[in-house]
Each structure stands twice: as structure tokens, then as C-alpha cells.
Amino acid sequence: MHQIGQDIRLALRGFRRTPTFAASVLAILGISIGLAVAMFAAFQTILIRRLPVTDQDRIAVLWTYHTPSVELAPLSTAFPDVRRASRTMRGIAGVVHWGAVPATFLDGDQPIGLSRAQVTGNYFEVLGARPALGRLLRAEDDEVGAPAAMVLSYGVWQSQFGGSASVIGRRLLDPYTRNTYGVVGVAPAGLDYPIGADCWTPVPTIWTLQMLAVARLVPGASVDGAAAEFYSIISGRQPDLQLTGAHGSTLTETVLGDTRPVIMALAAAAGLLLLIACVNVGNLFLLRAASRTRELAVRRALGASYGDLLRQLVVESSLLAVAGGALGVGCAVAFLRGLVALAPVQLPRLDSLRLYAAHSGEPFGMAVGVTTVCALLFGVLPALVTARANLASPLRLDERSGAETKRHRHVRDWLVASQVALALVMLAGAGLLARTLQRLERLDLGFQAEHVSIVSFAFDVAKASSPGVVSSWTEQLERRVTALPGVTAATPILIPPFLGPSLSHPQFDAEGQTFADAAANPNIPIEVAGAEYFRTFGIPLLRGRRFYESDRENAAPVVIVSESVARKFWPGQSPIGKRVRMTPPTAHPEEAPIKGLYDWRTVVGVAPDTHFRALRDASPTVYFPWRQFGWQGYFAIRSTGDIAPTTEALRRVSREIDPTLVVSNLRSMDQMLSGPLARPRLSAILLLAFGAAALVLAAVGLYGVMASGVREQTREIGIRMALGATQAVIRHAVMRRALIVAGAGAASGLVAALLGTRLLRSLLFEISPTDPVALGAACGALLTVAAVAAYLPARRATKIDPALALRAD
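Residues numbered from 1 in each chain as written. Predicted model: local features only at pLDDT ≥ 70, side-chain atom pairs only at ≥ 80, totals over all residues. Heavy atoms only, no water.

Colleague: Explanation requested: the overall build of the chain in the structure shown.
Modeller: Helix and strand content of the chain: 25 helices and 23 strands. In the chain, which comprises 809 residues, the share counted as buried stands at 53%. The long-range fraction of contacts in the chain, counting pairs at least 24 apart against all pairs at least 6 apart in sequence, stands at 82%. Summed over all atoms, the accessible surface of the chain reaches about 34,300 Å², with 59% contributed by carbon and sulfur. (Helix = DSSP H or I, 4+ residues; strand = E, 2+ residues; numbered from the N terminus. Buried < 20%, exposed > 50% of the residue type's maximum accessible area, 1.4 Å probe, protein only. Contact = heavy atoms within 4.5 Å. Areas by Shrake-Rupley, 256 points an atom, 1.4 Å probe, with all protein chains shown as cover.)

Colleague: How should the packing of aromatic side chains be read in this particular structure?
Modeller: On inspection of all chains with the given rule, the structure shows 17 aromatic pairs. Among the aromatic residues, ring-to-ring pairing joins Phe 447, Tyr 533, Phe 534, Phe 537, Phe 612 and Tyr 623 into one connected group. (Phe/Tyr/Trp six-rings, centres within 6.5 Å; stacked < 30°, edge-to-face > 60°.)

Colleague: Explain the sheet that holds strand β22 (residues 634-639) here, please?
Modeller: Picture the strands of a sheet paired through backbone hydrogen bonds; they go either parallel or antiparallel. Pairing is antiparallel in the open sheet, where 4 strands are placed in the order β14-β22-β13-β23. Of all strands in the sheet, those with a lone pairing partner are β14 (487-493) and β23 (662-668), marking the two edges. Put simply, the sheet's adjacent strands are angled 25 degrees from each other on average, direction ignored. On top of the sheet, helix α16 (residues 469-482) reaches β13 (452-458), β14 and β22; it is set at about 160 degrees to β14, its chief contact. Here helix α20 (residues 647-657) sits on the sheet and contacts β13, β22 and β23; the angle it forms with β23, its principal contact strand, is near 150 degrees. (Pairing = 2+ DSSP bridges. Axes fitted to C-alpha atoms, helices over the stretch in contact; angles between N-to-C directions.)

Colleague: Quick question: what am I supposed to make of helix α5 (residues 154-161) here?
Modeller: Working note: α-helix, 3.6 residues per turn, so residues spaced by three or four point in the same direction. Within α5, burial applies to Tyr 154, Gly 155, Val 156, Trp 157 and Phe 161. Positive backbone phi, at 65 degrees, marks Gly 162, one or two positions downstream of α5.

Colleague: Help me out: how do you make sense of the confidence of the model for the chain in this one?
Modeller: As a note on interpretation, predicted positions should not be read in detail where pLDDT is low. Looking at the chain as a whole, the pLDDT averages 80, with 83% of positions reaching at least 70. Confidence drops under a pLDDT of 50 for residues 394-403, and excluding neighbours within four residues, the segment shows 29 contacts in the predicted structure. (pLDDT = per-residue confidence, 0-100.)

Colleague: What is the right way to read the packing of helix α23 (residues 727-756) against helix α24 (residues 772-798) from this model?
Modeller: Packed helices, taken two at a time, are described by the angle their axes make and the gap between the axes. Between α23 and α24, whose axes approach to 8 Å, the crossing angle comes to 155 degrees. When the interaxial angle is binned, α23 and α24 end up roughly antiparallel. For the element pair α23 and α24, the recorded crossing hand is right-handed. When its residues are assigned to classes, the contact of α23 with α24 shows 20 nonpolar, 3 polar and 1 charged. (Parallel < 35°, antiparallel > 145°, perpendicular 65-115°, else oblique. Left-handed = near helix turned anticlockwise from the far one by under 90°. Nonpolar A, V, L, I, M, F, W, Y, C, P; charged D, E, K, R; others polar.)

Colleague: Help me out: how do you make sense of helix α6 (residues 223-237) in this one?
Modeller: The end-to-end C-alpha separation of α6 is 21 Å, in line with the 21 Å expected for 15 residues at 1.5 Å each. When α6 is considered as a whole, its buried residues turn out to be Val 223, Ala 226, Ala 227, Glu 229, Phe 230, Ile 233 and Ile 234. The buried residues of α6 occupy one face: seen down the axis, they fall within an arc of 165 degrees. Structural note: α6 exposes Asp 224 and Gly 236 on the side pointing more than 90 degrees away from its buried face. Each element contacted by the buried residues of α6 is listed here: β1 (59-65), α3 (79-85), β2 (89-97), β11 (212-217) and β12 (245-250). (Expected span 1.5 Å × (residues − 1). Arc of directions from axis to C-beta.)

Colleague: Quick question: what am I supposed to make of the side chain of Thr 252 here?
Modeller: Mapping Thr 252 onto the fold places it in helix α7 (residues 251-256). Leaving out residues up to four positions away in the same chain, Thr 252 has contacts with Leu 51, Gln 56 and Asp 57.

Colleague: Please explain the pattern of salt bridges as it appears in this structure.
Modeller: Throughout the structure, instances matching the rule amount to 22 salt bridges. For the salt bridge of Asp 174 with Arg 116, the shortest nitrogen-to-oxygen distance reads 3.2 Å. Residue Asp 174 is located in strand β8 (residues 171-174), and its partner Arg 116 is located in strand β5 (residues 116-119); the two are separated by 58 residues in the primary sequence. For Asp 141, the salt bridge goes to Arg 135, with nearest N and O atoms at 3.1 Å. Classification of Asp 141 by relative accessible area gives buried; the value is 8%. By relative accessible area, Arg 135 is classed as partly exposed at 22%. (Salt bridge = Lys/Arg side-chain N within 4 Å of Asp/Glu carboxyl O.)

Colleague: Please clarify how the environment of Val 729 should be interpreted in this entry.
Modeller: Mapped onto the elements of the fold, Val 729 is located in helix α23. Here the alpha-carbon distance between Val 729 and Thr 798, two residues 69 residues apart in the chain, equals 8.9 Å.

Colleague: Help me understand a positive patch on the surface in this model?
Modeller: On the surface, Arg 9, Arg 13, Arg 16 and Arg 17 cluster together to form a positively charged patch. Structurally, the position occupied by Arg 9 is in helix α1 (residues 2-17). Of the residues examined, Arg 9 reaches a relative accessible area of 46% and is grouped as partly exposed. (Patch = residues over 30% accessible without salt bridge, like charges linked within 9 Å, V, L, I, M, F, W, Y side chains within 5 Å. Lys, Arg positive; Asp, Glu negative; His and termini not counted. Charge placed at Lys NZ, Arg CZ, Asp CG, Glu CD.)

Colleague: Is there a simple way to think about the environment of Gln 118 in this case?
Modeller: Inspection of the secondary structure assignment puts Gln 118 in strand β5. What makes Gln 118 buried here is its relative accessible area of 4%. In this structure, the C-alpha to C-alpha distance between Gln 118 and His 97, residues 21 residues apart in sequence, is 6.5 Å.

Colleague: Sorry, what's going on with unusual backbone geometry here?
Modeller: Trans peptide bonds make up the majority, and among non-glycine residues the majority have a negative phi. Pro 194 follows Tyr 193 through a cis peptide bond whose omega is -5 degrees. Within the fold, Pro 194 resides in the loop between β9 (179-186) and β10 (199-202). One non-glycine residue, Asp 55, adopts positive backbone phi at about 50 degrees. Not every positive phi belongs to a glycine, and Phe 498 is a case in point at roughly 65 degrees. Taking the relative accessible area as the measure of exposure, Phe 498 reaches 16% and is therefore buried.

Colleague: Help me understand the nonpolar core, please; the structure alone is not making it clear to me.
Modeller: The tendency in soluble globular proteins is for nonpolar side chains to be buried as a group. Core analysis: the biggest nonpolar cluster contains 119 residues, and Phe 447, Phe 537, Phe 690 and Leu 702 have the highest contact counts within it. For this core, the element with the highest residue contribution is helix α21 (residues 669-712), accounting for 16 residues. (Core = buried A, V, L, I, M, F, W, Y, C linked by side-chain atoms within 4.5 Å.)

Colleague: Please explain the environment of Asn 179 as it appears in this structure.
Modeller: Following the sequence through the fold, Asn 179 ends up in strand β9. Take Asn 179: its relative accessible area is 29%, and that puts it in the partly exposed class. Separated by 281 residues in sequence, Asn 179 and Asp 460 have C-alpha atoms that sit 9.5 Å apart.

Colleague: Just checking my understanding: could you explain the pairing of β11 for this structure?
Modeller: Burial runs high along β11: 6 of the 6 residues are buried. The alternating pattern of β11 places Leu 212, Val 214 and Arg 216 on one face and Ala 213, Ala 215 and Leu 217 on the opposite face, and all of these are buried. In this sheet, β11 lies alongside β1 in antiparallel orientation, the contact comprising 4 bridges. In the sheet register, Ile 59 faces β11, and the bridge partner there is Arg 216. Pairing of β2 with β11, which is carried by 6 bridges, proceeds in the antiparallel orientation. Considered in β11, the bridge of Gly 91 is made with Arg 216.

Colleague: How do you make sense of the side chain of Ser 456 when you look at a structure like this?
Modeller: Inspection of the secondary structure assignment puts Ser 456 in strand β13. What Ser 456 contacts, discounting residues up to four positions off in sequence, is Gly 633, Tyr 634, Val 662, Val 663, Ser 664 and Asn 665.

Colleague: Can you walk me through the packing of α16 against α20 in this structure?
Modeller: α20 packs onto α16 with a crossing angle of 145 degrees between their chain directions and a minimal axis gap of 10 Å. In the crossing of α16 with α20, the sense of the turn from one axis to the other is right-handed. Residues Trp 473, Gln 476, Leu 477, Arg 480 and Val 481 of α16 pack against Leu 650, Val 653, Glu 656 and Ile 657 of α20. Here the residues of the contact of α16 with α20 are counted per class, giving 6 nonpolar, 1 polar and 2 charged.

Colleague: Explanation requested: the pairing of β13 in the structure shown.
Modeller: It is a general feature of regular strands that their side chains alternate between the two faces of the sheet. In terms of residue burial, β13 counts as a mostly covered element, since 7 of its 7 residues are buried. Residues Val 452, Ile 454, Ser 456 and Ala 458 line one face of β13 and the alternating positions Ser 453, Val 455 and Phe 457 line the opposite face, and both faces are buried. For β13 and β22, the ladder comprises 5 bridges, and the chain directions are antiparallel. Note that in β22 the partner of Ser 453 across the bridge is Ile 637. The pairing of β13 with β23 spans 6 bridges and is antiparallel. The residue bridging Ala 458 from the neighbouring strand is Val 662, located in β23.

So, in C-alpha cells, the structure goes:
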């Protein structure tokens, strides 16, 4: 122990003499270990850690469809039949969730925005979940007359209620239904289904909703078998849905969705960065060892054993590894908290990651493991190489004559080339994601999103059930909101944007099709529109006319269709004057329970397809005049500037029309676009950050090798200059070696990038994994930085004084 203590004192003394070396190693280790640990923690929490349910692999999420890519969930009234008839499912619950759009609840006088999932009372029983606080929903919460209950998500409990146990019994008013929900419990952390749900409330048995099924499979049953049985039961009991199949996936697959490739790509990037850092630090240690060759040889000559030198070098590397690991722990916790703050709500299990980042116990353990591996990679191996150095040769050589062997130079050149190759792989991936983000941000949506906002009005459902009340409210809002200062146009709409094509997407058939032909038609999303709809959104009408105020309840039914709908039903013909209808459930539409719903409607206009339902895909659309369809509380408003100053005026107008009419949410289109852009933006930013760090590390490694080479070749360069070599020749020779090393690394990295970036295919949009612009930009950036990193040592080489270089010691 005394010897170890002496080695530690010698190491610390050496670090004081070379503070730049020590600081560089600590910074490289701290940042790289921190990023690696943070991303490994995210990888483990999101992808590996089990969900807080019983036997998660035996839980399936099922939905039916007419078109395979679009959900067509069965009605909740069918679930009792499925429970009775199923042989593959032991328990089945229903869930409905309209994305991460928050609904407004009133906590006293304070509004709280919560994204709500509505579930059957046995939902948590089917999952086998246990509460973090209080109790979860039970089957009896569905019963008519039961007190309205609510379960909060763990994340909302922490963020909006301070994690206080007093939240149990809190009463939140839904201004839309006028129901007051009592908070009965808090769900466990990590129970993130549906994704982004802030709370769960029961669906009364008297309600009829389209719901996805969450089922627990019996032993031996498969997800595919359950989906087939589910389709058979539902299609037999609800033939009007015109179903063609059902889809099933495990709960784990459903929760993760398309998150897996994002997290895996980021974790791989962090691992590559850590590897680059280890190689870089190893190079720094080799450079330092080269400058200490004479010192170590003298110590050997004075009687120090090979073991003594090895122990000293290992102690030095271990001290820096431990200090770098400790710094990495702090960086990891900071990076995790930053990731939680920046992550979109669509990223699953954020509440678990938030908890993980707060306690940071496991990141500490991972940092210890990563630090140990790093110490072995960059400390012990260089120490073994250095300690075995030849004893006599360093004492015979001038320190400027080149103490480094040709083999050592090749090893260090290879290490630098590997750094360049790994950096290019990361830069190529970052470039592809950046190009994807650029394409998404510049995507032609088919409408003008600037200065458009979406406002939702909550109202008393019981009061709204009186004939004509909703129509009266909507007409007054349309007139008075348009008259507000700064508002140029306003229109009722059906739903907010970017909720996906699976909401309000009935089947349509064109006049002249048989009932059998119509059964093969796809489901098409619908929208409702006022007279100013197309002006509000800046959507040009390609043919025909817009809706008029005269398109009312008792007028001739009309619709406007998008281009793809026109091409589908009337290829090569003008659709104006043609007729379509929502496909009736039977060949006798007069028997439909809702009169007029399946009437033929005349096409009066054609509009372009828009990206209103989903950012990445343009949706076919059929537009109804709102007076011939109805209104559910949403308005779109176009303003001359920021809508925020108009908020209070909107609240005043709604109160004046009816005291129960409440502005529950107001968001600009830019805010709504931030949702679908959040995940690609986060992926691009993080991978760009990793790529930039890898680029800097590769440049540092190249600079270190070239600077060391210039120092080692001082005598050689002096002789060449004394014999007439010009500064340009010397500079060219140094730069040539650097660019050969960088070029070899870039070439091998390009091959690896062409193979590795295919793993990002699911994350890309209108970009090929072999996109020449992204790959070319990555190569260009890398070689430019390499040239700059090599120029400084090359310039220093041209400043060598031949007389000083040749002077003997």
C-alpha cells in the first residue's frame, strides 16, 4: 500500500506538470462516459425494463380494419360478446384515446390540461397493474350511477400535483360533460399506454364508442390467433363495419411503436462516441509515453523493474479514469434530465426515465462499469506497450532524432484512421436525420399553417342536446369570432390536425357502384367546414365552388372532395355534379337508424390532398358543410399575427353566447406541428451533437499524431531544410501524411456508413439511406476538419530552425 501511495503522489505531481494533458483526458472521458451512460439508461428504461404489468408478453392489443393501414375499432357494445365467445382471451378491456391533445379539467377555478384515455373499468385488472398510490379503476366504476373516477399517470402526479398523497380525493370538473371526477389513484411509473395519456377515466356502459381491445391471452394462445378470433367475433356481430381483418400486437410492441429504431440509433451513436473517446485517450497516453521514453528508460537503468513501471502507468491511467468516471456520472444525470425535458410526449415511458434521472443510482453503477472498461482500453494496454519498451535505445538517441519506431507510428495512424471512420458513420447518420427533418419542416402541407390557430370550446352536453342549440352556438361563434380584431377568417372544423387518419373515416361509394363493389372501397377521412374553411387554411379550390351559407340542413346535400378521391371514383372525368354517399351498412339505407346520414351528396368542388391528418402522408378527404353534419367544439382561426392577445376576447364572446360555453384549449398550428416534428427533431439534434463530438475527437486525435510526428522528426526535417527543402515541400509532406490517414479512415467509414445507415430507414422521410448529399456532406466536413487539424502541425514544421534541429545535446 505504501508503494501504491507513492505512485499516486508521483502521478498527481506529473499531472500538475502536464495540466493540458490531464484536462483533455478528463473532458473527453467525462463527456463521452456521460453520454454513453445516459443513452444506455434511456435504452434500458425504454426498451429493456419490463412494463409495470403482470406477464407483459401475454397481453395483446387488438383492432379491426377495413383498410389494413387504418384502424377501424369495434364498438364498445361488442365487448361483452367477445368476452363470452372468446377461447383465446381470458380477459378483454377497451380503450380509446385521441392522441396527446389535452382536454381541459377545472381544479376549482384553475384549468388543468390532461390528455385523457377512456377505458373500461376492468382495464387495469386485465393489465395486472398495481397502483403507485390509492387504487386503480375497477369494473364497478363502469356502472350507471357510480361516482366518476379518475386515475392519474405517475408523470402528471409528479409534475402537476407535486407527488403529494393529498391528490387522492381531488375533484376535477370536465366542463364538456359537466362530470366531476374524483381522483382515486395514481398509476405506476412506466405504464405508458396509451402513449401520452395523463389520466384514465371509465366509459359508462350506456356509452357507445369505438374502442381498441386490450386482452390477456390464455396459456398457449398466440397474438395472431387472438386477432383472427377477434375479427371473426366482431365481423359476425357488427357487419355494418365492413371489416376485412384484424391486427394484433403485444402490449410491449404497441407501447414502443416506432421508438425502438430511434433509441437504438442513439444508443449506438453513444457507444461509437465512447469507443472514439477511448481510442483518442489511448492515443494521448501513447503520445505522453513517447515523450517520457527517456525518463522510463533511466528508471529501468537505475533498477526499477518492469512491474514497477507498469504499476506506475496503470495508477496514472486509473486515477484519470476514476476522475473521468465521476465527471461522467454528473454529466449523465444532466444529460438524462435534458433528454426528459426535450423529449416529445410520444416518447414512451418518460415518467420512468424522469424517475431514473432523478435518483441516478443505476447510472452511477453503469458509470463504474463503463469507467472500468475504459481504463482497460486506454490505460492498461498502452501501459503494457510502454513498459515493455527497449531499455538501451532511448538512452542512445537524441530526443529530437525520433524515439518512436515505425511500427508504433503505424499503430497510431491506424487508431486515428479508425476514429475518422467511426466519426464518418455518425456524421452520415446525423446528416440523414438532418435531411429528413429539413424535408419535414419544408413539406408542402397543402394548406398555409402560418397564423392559423385551433381553439376548442367545451360545453354542457345535456344542454346541447336540445334541438338547434349547437347550431345556434356555432353560427354565433362563426360570426362573432370573425369580427374580432386581428382575426381575418374563422371556421368550424371536426377535429384538430395530426390526429391520424383513423378518426372519422367512414367508407364511401360513388353513384353507379353496386353494393358489392362499394364494399371494396377504402375508408376516407372526413372534415366539416364552414363557408370560410378554405380561406382560413389557405387551401386553393382546384375546381368548383366553396361551401355557401345556404348549404344548410334542409338544402340539397353537398360535399367537396380532394383530388385523390376524385381520381379514385371518377378517373379521367370531372367530379363536379357527381354523387357520393357514406356506404350504408345494408343494401337498404332507408333502414339506417340515423336519417339522412347515408343520403347521396353532390360534389360541388375539388381541393388538393392535404397533410392535415398526418404530417408524413397526404390524406384523401371528403368535406361536409358543418350545418349538414354537426359540430363538436373545434374552430380554426386565421389571424394577422399572434393569436394569444385574442384569447381573452374569445373567452368573453363564448361566455356572452352561453355561460356553459368555455374556451378549453387554444394552440397555434406551429405548436401543433411541434408534436409530429418533435421526435425527428430530437433524433437529429442528438445525433448531430454526437457526430460533432466525434468529429472534434477525430480532429484532436489527428492533430496529436501529426504534432507528435513533427516533434519526433525534428532532426529529419532540419536535415531536409538544410539540404534545400522549401517550406512548401515540408508542409506538403506533413499534410500528405495526415490526409492519407484521414482519407483511409474516411474510405472505410464510408463503406461502414453505406451498410449501417440502412438501419435508419424507418426514421427517414423522402431520403434514401445512401443519400449522396448527406454522405458527401459528412465526408466533406470530416476531410475539411482533418485538413485544418493537420495544417497546424504542418505550419509548425515549416518554422523549424535547421541549426537548432541539428545541434547536438
